[in-house]
Amino acid sequence: QVQLVESGGGLVQAGGSLRLACAASGRTFISYAMAWFRRAPGKEREFVARISRSGGSTYYADSVKGRFTISRDNAKNTVYLQMNSLKPEDTAVYYCAGGPLQVASPAAYPYWGQGTQVTVSS
């Protein structure tokens, strides 16, 4: 069992930046691919970004490509999401997830954090 805790969310103006962190407990952190998902009110949870176990491979949703960067520090058991050029449409609860495969489907991730709210004002 892996426990994930997100932090770093908050209120930011459009065009600004925010850095989310996901701290993982347990000794098996490096065995999992990690991903970020988000859910806006009244909308489906959607894929944002994923990263391989080693951090050598990343993939992004088209909506955030070029603006967001996912990274991980296995020594610190932490995954990050650097969010630049934020738009009001980025407003959502952001969730960190871990799983054995590099996929975009939420159903494939057995471990989830509680989520952190990101609000982008215009």
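Here is what the cut-offs are and how they apply
- Note on numbering: residues in each chain are counted from 1, in written sequence order.
- Under the rules for a predicted model, residues below a pLDDT of 70 receive no local features and side-chain atom pairs below 80 are neither given nor counted, while totals for whole chains, interfaces and linings still include all residues.
- For the side-chain quantities, the full set of heavy atoms in the structure was used; hydrogens and water were omitted.
- Any carboxyl oxygen of Asp or Glu within 4 Å of a side-chain nitrogen of Lys or Arg constitutes a salt bridge here.
- Per-residue accessibility, obtained with a 1.4 Å probe over protein chains only, is compared with the maximum for each type, and a residue is labelled buried under 20%, exposed over 50%, and partly exposed between these values.
- Numbering of helices and strands runs from the N terminus; a helix is a DSSP stretch of H or I covering at least four residues, while a strand is a stretch of E covering at least two.
- Only protein atoms enter the 1 Å grid used here, on which a cavity is any set of points holding a 1.4 Å probe that cannot leave and a pocket is any open set flanked by protein within 12 Å on both sides along at least five of seven lines; residues with an atom within 4 Å of a point are listed as lining.
- Grid points are joined across faces, edges and corners, and a volume is the space filled by probe spheres set on the points.
- Any residue outside Ala, Val, Leu, Ile, Met, Phe, Trp, Tyr, Cys, Pro, Asp, Glu, Lys and Arg is labelled polar, Gly included; the first ten of those are nonpolar and the last four are charged.

Q: Before we go on, may I ask you to explain the pattern of salt bridges in this structure?
A: Pairs may arise between side chains of opposite charge once their charged atoms sit close together. Applying the stated criterion across every chain yields a total of 3 salt bridges. With a shortest N-O distance of 2.7 Å, glutamate 46 and arginine 38 are connected by a salt bridge. Assessed through its relative accessible area of 35%, glutamate 46 is described here as partly exposed. Taking relative accessible area as the criterion, arginine 38 reaches 4% and is therefore assigned buried. Salt-bridge contacts for aspartate 90 lead to arginine 67; the nearest nitrogen and oxygen are separated by 2.8 Å. Residue aspartate 90 is located in the loop between strand 8 (78-83) and strand 9 (92-99), and its partner arginine 67 is located in the loop between strand 6 (58-60) and strand 7 (68-73); the two are separated by 23 residues in the primary sequence. Among the residues examined, arginine 67 registers a relative accessible area of 11% and is labelled buried. Each of the salt bridges in this network shares a partner with another, and the network as a whole consists of Arg38, Glu46, Arg67 and Asp90.

Q: How should I be thinking about unusual backbone geometry in this particular structure?
A: Most peptide bonds take the trans configuration, and most residues that are not glycine carry a negative phi. The backbone of asparagine 77 sits at a positive phi, close to 55°, despite the residue not being glycine. Among the residues examined, asparagine 77 registers a relative accessible area of 22% and is labelled partly exposed. At serine 85, a position not held by glycine, the phi torsion is positive, near 50°.

Q: What's the story with empty space enclosed by the protein in this structure? I'm lost.
A: Counted according to the given criterion, the structure contains 1 cavity of 30 Å³ or more. What the largest cavity holds in volume is close to 30 Å³. Around the largest cavity, the lining residues are Val2, Leu4, Phe29, Tyr32, Met34, Gly98 and Tyr111. A breakdown of the residues in the lining of the largest cavity according to their chemical character gives 6 nonpolar, 1 polar and no charged.

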